[in-house]
Amino acid sequence: MRILITGITGRVGANVAKRFVDLGHEVTGFVVPGDPQSEKVAQVGAEVVEGDLASSADVMAAADGAEAVFHLGAAFQAGGPFTPEQYFDINVKGTFNVLEAALESDRIQHVIHTSTDGTMEKYPPDGIEEPIREDSLPLAATGWYGYTKVLTEHLVDRYVRAEALPATVFRFANAWGAGEALDFRQFHMRTFMDQLNEAADPDCRVAYEAMAVAYNGDPHLIIAADRNGRSWKKHFVEVRDIIHAYENALCNEATFGKTYQIASKEPFVWEVMIPYIAEKLGSPYTQVSLPITPTYYEYDLTAAKRDFGYDPPLSLRDMIDEAIAHRRSGGGSIIPTSV
């Protein structure tokens, strides 16, 4: 199958491209002119086409001959800074152009559009007890990245219902690449020490002092807990889980017109996984009740499992073990640099 991948030079796009090339598909990557990462696309065996997502002509030309589109290209909050206009042009107009190109084509059998769990408000003061379904929370983002992704989800829905376009939305959890499971800043005590160091609130000062007494140098891990001592909980996704989702969903009619959360096999629970990491690293850890909005949620993956057999291949312990092996082979530091 001929597959067009926008955003192919990103961490997810490049790995998805390699997998589908290895499976025998013809992959074309749509990249911005002069992207320094374009060479790695060629190295995995994909063709490179340059263009601007905000240009309907460029997108139409790139989609010519494609039979499927994985639309991962976006202005992302970690890749900027971007202006509001750039977020709108790249994310919203870019998605509109992709959908229009697919609609005009007589060959495209499936569009899989990438969204984010950043479209939802996942951080109420007391956390979220029940696993989050795709329709559990309103799409309430106000930051430009999340908000424009809300608009793109609505665009896809419009093209499915009004034009019968075969399209699916993947809503990614916070994504890790292979070997990155140790890099998340909120596993490290110094992240919260830096955050609370200048706080005037008395509760924040108490938490800071408790950490300062316990802290004995990096890496010092933390079991982050809420004001009542309940451990934090958060859902991530690893790149190989994402690849598995694309493999199973491609041209699967049961997915057309639907939105799916794509996340790891299980959520990361600080009180379960931090001691595991600490034991593997020989690092200290301390549990601290933090007087800040807690992270406490997980996703219900029932719909993805039911409709396209989504079965994330990696456990959290698999990810941790690989990340530790990566670090010990010289793959970099696990010490956070700043908040």
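These numbers were taken from a predicted model, which means no experiment stands behind them.

Regarding the overall build of the protein chain
A count of helical and extended segments in the protein chain gives 11 helices and 13 strands. With respect to the three principal axes, the spread of C-alpha positions in the protein chain is 65 × 40 × 40 Å. Taken across its 339 residues, the protein chain has 51% of its residues classed as buried. Computing the positive centroid from 29 side-chain charges and the negative centroid from 48, the protein chain places the two 3 Å apart.

Re the environment of phenylalanine 170
Mapped onto the secondary structure, phenylalanine 170 falls in strand β6 (residues 167-172). Along the primary structure phenylalanine 170 and aspartate 300 are separated by 130 residues, whereas in three dimensions their C-alpha atoms are 14 Å apart. Once you skip the residues sitting within four places of it in the chain, phenylalanine 170 turns out to touch Ile112, His113, Thr114, Ser115, Ala245, Tyr246, Ala249, Tyr260, Ile262 and Phe308.

Side note on the sheet that holds strand β5 (residues 110-116)
Pairing is parallel in the open sheet, where 7 strands are placed in the order β3-β2-β1-β4-β5-β6-β11. Unpaired on one side and paired on the other, β3 (47-50) and β11 (259-262) mark the two borders of the sheet. Shown here is a sheet whose adjacent strand axes are inclined to one another by a mean of 20 degrees, direction ignored. Bridge count for strand β1 (residues 2-6) against strand β2 (residues 26-31) is 5 bridges, and the pairing is parallel. Its bridge partner being in β2, threonine 6 is matched across the sheet by phenylalanine 30. This element, helix α3 (residues 56-63), spans β1, β2 and β3 of the sheet and lies at about 170 degrees to β2.

Let's talk about the packing of aromatic side chains
Considering all chains together, one arrives at 23 aromatic pairs under this definition. Considering the side-chain rings of tryptophan 144 and tyrosine 147, the 6.0 Å spacing of their centres and the 75 degrees angle between planes classify their relative orientation as edge-to-face. Taken together, the positions of tryptophan 144 and tyrosine 147, both in helix α5 (residues 144-163) and 3 residues apart, correspond to about one turn of that helix. Judged by relative accessible area, tryptophan 144 falls into the partly exposed class, the value being 40%. We classify tyrosine 147 as partly exposed; its relative accessible area is 34%. Considering the side-chain rings of phenylalanine 236 and phenylalanine 268, the 6.1 Å spacing of their centres and the 85 degrees angle between planes classify their relative orientation as edge-to-face. Residue phenylalanine 236 is found in strand β10 (residues 236-238), and its partner phenylalanine 268 is found in strand β12 (residues 268-269); the two are separated by 32 residues along the sequence.

Observations concerning the nonpolar core
Formed by 42 residues in total, the largest nonpolar core has its most connected members in Ile5, Phe70, Phe170, Tyr246, Ile262 and Phe308. Those elements that provide at least two residues to this core are β1, α1 (11-22), β2, β4 (68-71), β6, α8 (239-249), β11 and α10 (302-308). Counting residues per element, this core draws most heavily on α8, which supplies 6 residues. The residues contacting phenylalanine 308, other than those within four sequence positions of it, are Phe170, Ala245, Asn248, Ala249, Asn252, Thr255, Tyr260 and Ile262. Counting 35 residues, the second largest nonpolar core, distinct from the first, contains Met193, Leu196, Tyr276 and Val288.

A few points about the pattern of salt bridges
For the structure shown, the criterion picks out 23 salt bridges. In this structure, the salt-bridge partner of aspartate 135 is arginine 133, at a minimum N-O distance of 3.1 Å. Classification of arginine 133 by relative accessible area gives partly exposed; the value is 42%. Across the pair glutamate 298 and lysine 233 runs a salt bridge whose closest N-O atoms are separated by 2.8 Å. Of this pair, glutamate 298 sits in the loop between β13 (285-289) and α10 while lysine 233 sits in strand β9 (residues 233-234), placing them 65 residues apart in sequence. The two residues glutamate 298 and lysine 233 agree in class, both being buried. Through salt bridges that share partners, Glu129, Asp226 and Arg230 make up one connected network.

Thresholds, definitions, all that
- Residues numbered from 1 in each chain as written.
- Predicted model: local features only at pLDDT ≥ 70, side-chain atom pairs only at ≥ 80, totals over all residues.
- Heavy atoms only, no water.
- Helix = DSSP H or I, 4+ residues; strand = E, 2+ residues; numbered from the N terminus.
- Buried < 20%, exposed > 50% of the residue type's maximum accessible area, 1.4 Å probe, protein only.
- Lys, Arg positive; Asp, Glu negative; His and termini not counted.
- Charge placed at Lys NZ, Arg CZ, Asp CG, Glu CD.
- Contact = heavy atoms within 4.5 Å.
- Pairing = 2+ DSSP bridges.
- Axes fitted to C-alpha atoms, helices over the stretch in contact; angles between N-to-C directions.
- Phe/Tyr/Trp six-rings, centres within 6.5 Å; stacked < 30°, edge-to-face > 60°.
- Core = buried A, V, L, I, M, F, W, Y, C linked by side-chain atoms within 4.5 Å.
- Salt bridge = Lys/Arg side-chain N within 4 Å of Asp/Glu carboxyl O.

Interpretation note: all reported values are geometric properties and have no functional meaning in isolation.
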